[in-house]
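Close look at the chain arrangement
The primary structure of each chain is shown beneath.
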Amino acid sequence: MEPRRTAVQAPIQLRIADDIRMQIERGEQAPGDSLPTLAEICEQWSCSMNSARGAMNLLKAQGLVDAGRGKAPRVRVPVRKVVRSSDRHQVEKDLAIRPESERAVIGEAETNLNMSIAEQKFSAHYDVIDASPELAEIFKVPSGEPLLRRRYEAHDSQTGHLLSYSVSHLPVALVRNNPAILDDNNEPWPGGTQHQLLTVGVEITRMVDEVTARMPTTVEAQAWGLAEGIPLLFCRRISYDLDGRVVEISDADYPADRTEFRFVTELKTWPKKRQAGSGTDRGN
């Protein structure tokens, strides 16, 4: 969208915020540039301190400005973005059948964040829970069926902020033939979930990703190091085996300012006869 004012007879704080926002959108104010102080805003726009503060709060809520007590307002510097492509599911599946020496070198931590697990503070916590009605319905099992719940976290070793967070559920009955899968001391598992399932004779053939979003709580914003106005994305990945059975439900959180979802959809070609007749079928 081209930079333009909000289409209302705006109060002064919105007009100020619009002016500064459009300067940022036009590139007149670059990431990291200092912005006018509250006192300078009051002088430049002939407004009260409350109006200047309101304008700055609007800009912060839009994720355009970093500011706080004792900090001069600046144009927000974008954080490093991670592309999470559906292509990685096939990469992880191919890796699952490789020798352990290869599986140990690269795993979901690397394919998720494009950084070595050595740069992350990784943790995994397992427990067994009763399936909630919601999960039981998706797994097509009775409510209360034992599920292995696996919680994964990775933190930036320098800032302490979250890099990734996910919760996975697997039916205990599906994996109990390999007790090693039930033990979080075996994390990080070379080859990840797809190799774990391979050891019990399960092959994933389809994954469905469902993405939603909401604003974070104060605790979530603090954990991720989110600037004001940045939402969280939530992706539920449902994995199916050869028989169409749900074998894993994984819920992961992603900050919207540093995540790009890329879904690749392969489309089947039309039959040769249909292609040949495409020019004469118009309107039918």
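The following refers to the structure shown. Since we're looking at a predicted model, the values are computed, not measured.

Next up on the list: the side chain of Arg237. Relative to the helices and strands, Arg237 is located in strand β8 (residues 232-241). A polar contact of 3.5 Å, which involves the side chain of Arg237, links it to the side chain of Glu248. Residues in contact with Arg237, not counting those within four places in the same chain, are Arg88, His89, Met207, Val208, Asp209, Glu248, Ile249 and Ser250.

Turning our attention to the environment of Ala52. If you trace the backbone, Ala52 turns up in helix α3 (residues 49-61). We classify Ala52 as buried; its relative accessible area is 0%. As a C-alpha pair, Ala52 and Thr37 span 15 residues in sequence and 8.8 Å in three-dimensional space.

Bringing the sheet that holds strand β9 (residues 246-255) into the picture now. Strand pairs in the sheet, formed through backbone hydrogen bonds, run parallel or antiparallel to each other. Spatially, six strands are ordered β4-β5-β6-β9-β8-β7 in an open sheet, and the strand pairing comes out antiparallel. Bordering the open sheet on either side are β4 (120-130) and β7 (204-214), each of which pairs with just one other strand. Pairwise comparison of adjacent strand axes, ignoring direction, gives a mean angle of 15° for this sheet. Together, β7, β8 and β9 form the strand contacts of helix α4 (residues 87-96), whose direction differs from that of β7 by roughly 140°.

How each quantity is defined
Residues numbered from 1 in each chain as written. Predicted model: local features only at pLDDT ≥ 70, side-chain atom pairs only at ≥ 80, totals over all residues. Heavy atoms only, no water. Helix = DSSP H or I, 4+ residues; strand = E, 2+ residues; numbered from the N terminus. Polar contact = N/O pair within 3.5 Å; in protein donor to acceptor, adjacent residues only side chain to side chain. Contact = heavy atoms within 4.5 Å. Buried < 20%, exposed > 50% of the residue type's maximum accessible area, 1.4 Å probe, protein only. Pairing = 2+ DSSP bridges. Axes fitted to C-alpha atoms, helices over the stretch in contact; angles between N-to-C directions.

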